[in-house]
Amino acid sequence: MPVIRSFSSDDYEAVCAVWTAAGRETLPRREITDPSLMVVAQDGDRVCGVVMGTFDGRRGWILRLAVHPQHRRRGIATRLVAELGARLRRIGCLRANLLVLPDNAAGLAFWQRLGYLPCPDVLCTKPLV
Ligand SMILES: CC(C)(COP(=O)(O)OP(=O)(O)OC[C@H]1O[C@@H](n2cnc3c(N)ncnc32)[C@H](O)[C@@H]1OP(=O)(O)O)[C@@H](O)C(=O)NCCC(=O)NCCS
């Protein structure tokens, strides 16, 4: 059974390997702004899953969830999100949001299974540089 634990800076390369194996872009170290809201899954000596959170004082965001393809459908993502949710609640966060690409049917199925439901808001964005 994989262990769910806090990210440490020594995990950075292994976490990037999980993101890459899961087809997700890696994140520069400097963008890991709140390591206390970053949770990893470790199976043996190998990091096999990761999720990252942020909290702006009102809303939480769940970002960068990925489980290595060889470790899927074992409940690892569910456990990662439960741990992050508990951490967010402890710091006063009452609602968490996340974004899913519209063609990510598996991702959407996963989130809906956990009760994270689509809402009608439209994401607006603009580069500031
Ligand atoms: C989405 C992802 C994180 C799920 O990880 P996981 O550890 O396999 O998920 P879990 O085992 O906790 O799945 C829990 C439930 O979610 C649903 N689910 C998970 N993967 C699914 C899939 N590929 N298709 C349909 N439903 C799925 C199922 O209901 C599953 O329960 P079950 O296995 O008893 O049927 C993983 O597939 C992944 O890393 N995908 C690539 C990255 C990504 O899409 N991240 C999320 C984008 S926001």
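An unreviewed UniProt entry annotates the chain as Acetyltransferase of Micromonospora saelicesensis.

Student: Any details on the nonpolar core? Residues and values, ideally.
Tutor: The biggest cluster of nonpolar side chains holds 18 residues, and the ones touching the most others in it are Val51, Ile62, Leu65, Leu80, Leu84 and Trp111. Those elements giving two or more residues to this core turn out to be strand 2 (38-43), strand 3 (46-55), strand 4 (60-67), helix 2 (76-90) and helix 3 (105-113). The element contributing the most residues to this core is helix 2, with six residues. Filtering out sequence-adjacent residues up to four positions away, Ile62 remains in contact with Val51, Met52, Val81, Leu84, Ala96, Asn97, Leu98, Trp111 and Tyr116.

Student: I'd like to hear about the site of the ligand, residue by residue, with values.
Tutor: Around the ligand, the surrounding shell holds 19 residues, and the nearest of these are Arg73, Gly75, Thr78, Asn104 and Arg113. Residue Arg73 places a main-chain N or O atom 2.8 Å away from an oxygen atom belonging to the ligand. Contact between the ligand and Ala77: an oxygen atom at 3.0 Å from a main-chain N or O atom of the residue. Burial of the ligand by the protein amounts to 78% of the accessible area it has alone, namely 910 Å². Taken atom by atom, the bulk of the ligand overlaps the largest pocket. Contributing elements (two or more residues each) for the shell around the ligand: strand 4, helix 2 and helix 3. Residue contributions to the shell around the ligand peak at five residues, all from helix 3. Residues that form the shell around the ligand fall into these classes: 11 nonpolar, three polar and five charged.

Student: Break down the pairing of strand 2 for me, citing the residues and quoting the values.
Tutor: As judged from the four bridges shared by strand 1 (residues 3-6) and strand 2, these two strands associate in the antiparallel manner. Considered in strand 2, the bridge of Arg5 is made with Val40. When strand 2 meets strand 3, the two strands line up antiparallel, connected through six bridges. Paired with Met38 across the strands is Met52, a residue of strand 3. Where strand 2 hands over to strand 3, the hairpin turn is made up of two residues, of which Gly44 adopts a positive phi near 65°.

Rules used in this analysis
Residues numbered from 1 in each chain as written. Predicted model: local features only at pLDDT ≥ 70, side-chain atom pairs only at ≥ 80, totals over all residues. Heavy atoms only, no water. Core = buried A, V, L, I, M, F, W, Y, C linked by side-chain atoms within 4.5 Å. Buried < 20%, exposed > 50% of the residue type's maximum accessible area, 1.4 Å probe, protein only. Helix = DSSP H or I, 4+ residues; strand = E, 2+ residues; numbered from the N terminus. Contact = heavy atoms within 4.5 Å. Near = heavy atom within 4 Å. Polar contact = N/O pair within 3.5 Å; in protein donor to acceptor, adjacent residues only side chain to side chain. Areas by Shrake-Rupley, 256 points an atom, 1.4 Å probe, with all protein chains shown as cover. 1 Å grid on protein atoms, 1.4 Å probe; cavity = no way out; pocket = protein on both sides within 12 Å on 5 of 7 lines; lining within 4 Å. Sits in = over half its atoms within 2 Å of the grid points. Nonpolar A, V, L, I, M, F, W, Y, C, P; charged D, E, K, R; others polar. Pairing = 2+ DSSP bridges.

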